[in-house]
Amino acid sequence: VFSFNIFASELEKILTEIDISGTIVTESAITFDKMDSEKLEMILQPELNANLFDNISFTGIFRIRADMNDNLEPGKQAQSSISPLSRRILISENVDAELREFYFDSFLNDTAIRLGKQQVVWGQADGLKVLDVINPQSFREFILDEFVDSRIPLWMINTETSLGNDTQLQILWIPDTTYQYLPVGGSYTFTTSRLIPQAPEGYDVVLNKENRPKNLFNDSDIGVKLSSFYKGWDVTFNYLYHYKDSAVLYRSITANTVTINPEYERTHLIGGTLSNAFGDYTLRSEFGYSTDNYYVTHNTSSINGIEKSEEASFVIGLDYSGLTDSFLSIQIFQSLLIDNVKSLSRSKVENTITFLAERTFINETFKFETLLIHSMDDGDGVIRSKLKYEYLDNLNFWFGANIFYGHSDGFYGQFNNRDNVNLGFEWGF
């Protein structure tokens, strides 16, 4: 009886410390080109937070998504690039359910431990990624989703230890062999020759299933981040030993058939960040060096249609908040191939510039934001704009537009017929 009373007391304590919240989001989008309805989507995302014991807390986020149009990923898509424990449940062609996050937090002396399915964000860039590659990305809606929604959470062990003197050490062990998701046949199916091998005229194309790594230990990713604060500067050093999230599309040609065999390849990523505030200005920088990257080549004598090179990339950003109710940011991104490779589908040096502007009105009831991402080499890009109205603390409405421009073979220009306007609301409970 005594033991039962103790158990009942602890259970009652746990139940009183459970917090259930969530959001309901509805959004529709209509294309400019044919005035077609691109999506009519509703998302229910409940979240549960609980303090289980004095030193253990739990977070669970579940998502049910229904898209009545089924244009973004028509039919029941294969999820061969995603590990079984991280896949969505495809209830029907229009409805899916997903365990977005599921993790436990605890402390052991000066070490914080997070165990379970989660997102880990490295880097500081807006709209572009250099170090933010821990979690793979879903390209269901190309890059129009917010990163927090397009990242695919992974099962991992995430530890952060205080080393004193404003210094933290983060160590990640990621046994989850999940990689980026590319829907087939949807509104944002990739077609550019920069990424997709092109078959000669008159040849049949056979695309095999991804050969996804599956060994729990040998195929794990390992990440280490050392962060510190030194003389006003936030500094990090990052290292990640991982499989690249984008499959390498090896090509083979026999008779009149081109066969594509997607494989995943390892690489070492070494990088870091550096940022500081100077009055109304904030200077941000982020750099990364990858030892092994793979690119589609137009060299017809290539055996497998792929060339390998080391790559260095960086982002330098400058933010300005000196205008009332306004925020401005500009970034310059550069990617440089180190090896002397020729006839690639991309340039040896690529430059991209971004510009972000935000302004609030009427006591922050309205917020307007626009983001421009422009490739300086290909002359293509995307403009994303949104006007948001905070009707209540837990109820927001918005109206937005996404405009692609440039050559149809560019990374952004391949979707120059997918310009759309969108409207929606979000209710929190």
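Residues numbered from 1 in each chain as written. Predicted model: local features only at pLDDT ≥ 70, side-chain atom pairs only at ≥ 80, totals over all residues. Heavy atoms only, no water.

Student: Would you explain the pattern of salt bridges in this entry?
Tutor: Pairs can form between side chains of opposite charge once their charged atoms are near each other. Scanning the model with the defined rule gives 26 salt bridges in all. Across the salt bridge formed by Glu 141 and Lys 39, the nearest N and O atoms sit 3.0 Å from each other. Remark: Lys 39 occurs in strand S2 (residues 37-53) and Glu 141 occurs in the loop between strand S6 (111-118) and helix H2 (147-150); sequence separation between them is 102 residues. Accessibility expressed as a relative area gives 1% for Lys 39, which makes it buried. Linking Glu 73 and Arg 140 is a salt bridge whose minimum nitrogen-to-oxygen distance equals 2.9 Å. Here Glu 73 is found in the loop between strand S3 (56-67) and strand S4 (89-90), whereas its partner Arg 140 is found in the loop between S6 and H2, with 67 residues between them in sequence. Pair check on accessibility: Glu 73 and Arg 140 agree, each one buried. Connected through shared salt-bridge partners, Glu 27, Lys 39, Glu 41, Arg 65, Asp 67, Glu 73, Arg 88, Asp 96, Arg 140 and Glu 141 make up one network. (Salt bridge = Lys/Arg side-chain N within 4 Å of Asp/Glu carboxyl O. Helix = DSSP H or I, 4+ residues; strand = E, 2+ residues; numbered from the N terminus. Buried < 20%, exposed > 50% of the residue type's maximum accessible area, 1.4 Å probe, protein only.)

Student: Help me understand the nonpolar core in this model?
Tutor: Among the nonpolar cores identified, the biggest contains 30 residues, and Ile 134 and Phe 142 are the most heavily contacted of them. Among the elements of the structure, strand S7 (154-164), strand S8 (167-174) and strand S19 (366-375) are those that each provide at least two residues to this core. Sequence-distant contacts of Phe 142, that is, excluding residues within four places in its chain, are made with Gln 137, Tyr 188, Phe 190, Phe 404, Phe 411, Tyr 412 and Phe 415. (Core = buried A, V, L, I, M, F, W, Y, C linked by side-chain atoms within 4.5 Å. Contact = heavy atoms within 4.5 Å.)

Student: Explanation requested: the environment of Arg 100 in the structure shown.
Tutor: Along the polypeptide, Arg 100 turns up in strand S5 (residues 95-108). Judged by relative accessible area, Arg 100 falls into the buried class, the value being 5%. For the pair formed by Arg 100 and Gly 60, sequence separation is 40 residues and the distance between their alpha carbons is 7.7 Å. Each residue touching Arg 100, except ones within four places of it in the same chain, is listed here: Gln 45, Ile 61, Phe 62, Arg 63, Lys 117, Gln 119, Val 148, Asp 149, Arg 151 and Pro 153. Within the structure, the side chain of Arg 100 is placed 3.1 Å from the backbone oxygen of Arg 151, a separation counted as a polar contact. (Polar contact = N/O pair within 3.5 Å; in protein donor to acceptor, adjacent residues only side chain to side chain.)

Student: Looking at this model, I keep getting lost on the pairing of S7. Mind explaining?
Tutor: Put simply, side chains in a regular strand alternate between the two faces of the sheet. Judged from the eight bridges that link them, S6 and S7 form a sheet pairing that is antiparallel. Within S7, the residue paired with Lys 117 across the bridge is Trp 155. Bridge count between S7 and S8: seven bridges; the pairing is antiparallel. Along S8, the bridge assignment pairs Thr 159 with Ile 171. The hairpin turn running from S7 into S8, its antiparallel successor, is two residues long, and Asn 165 in that turn takes a positive phi close to 55°. (Pairing = 2+ DSSP bridges.)

Student: Just checking my understanding: could you explain the sheet that holds strand S13 (residues 257-263) for this structure?
Tutor: What links the strands of a sheet is backbone hydrogen bonding, and the strands pair in either a parallel or an antiparallel sense. Taken in spatial order, the three strands make up an open sheet running S9-S13-S12, and their pairing is mixed. Every interior strand has two partners, whereas the edge strands, strand S9 (204-207) and strand S12 (248-254), have only one. Neighbour to neighbour, the strand axes of the sheet diverge by 25° on average, direction disregarded. Inspection of the sheet shows S9 paired to S13 by four bridges, in the parallel sense. Note that in S13 the partner of Asp 204 across the bridge is Thr 257. (Axes fitted to C-alpha atoms, helices over the stretch in contact; angles between N-to-C directions.)

Student: Would you explain the pairing of S12 in this entry?
Tutor: As paired strands, S12 and S13 are joined by seven bridges and run antiparallel to one another. Looking at S13, one finds that Ile 253 is bridged to Val 258. Connecting S12 to the next strand, S13, in antiparallel fashion are two residues, including Ala 255 with a positive phi near 50°.

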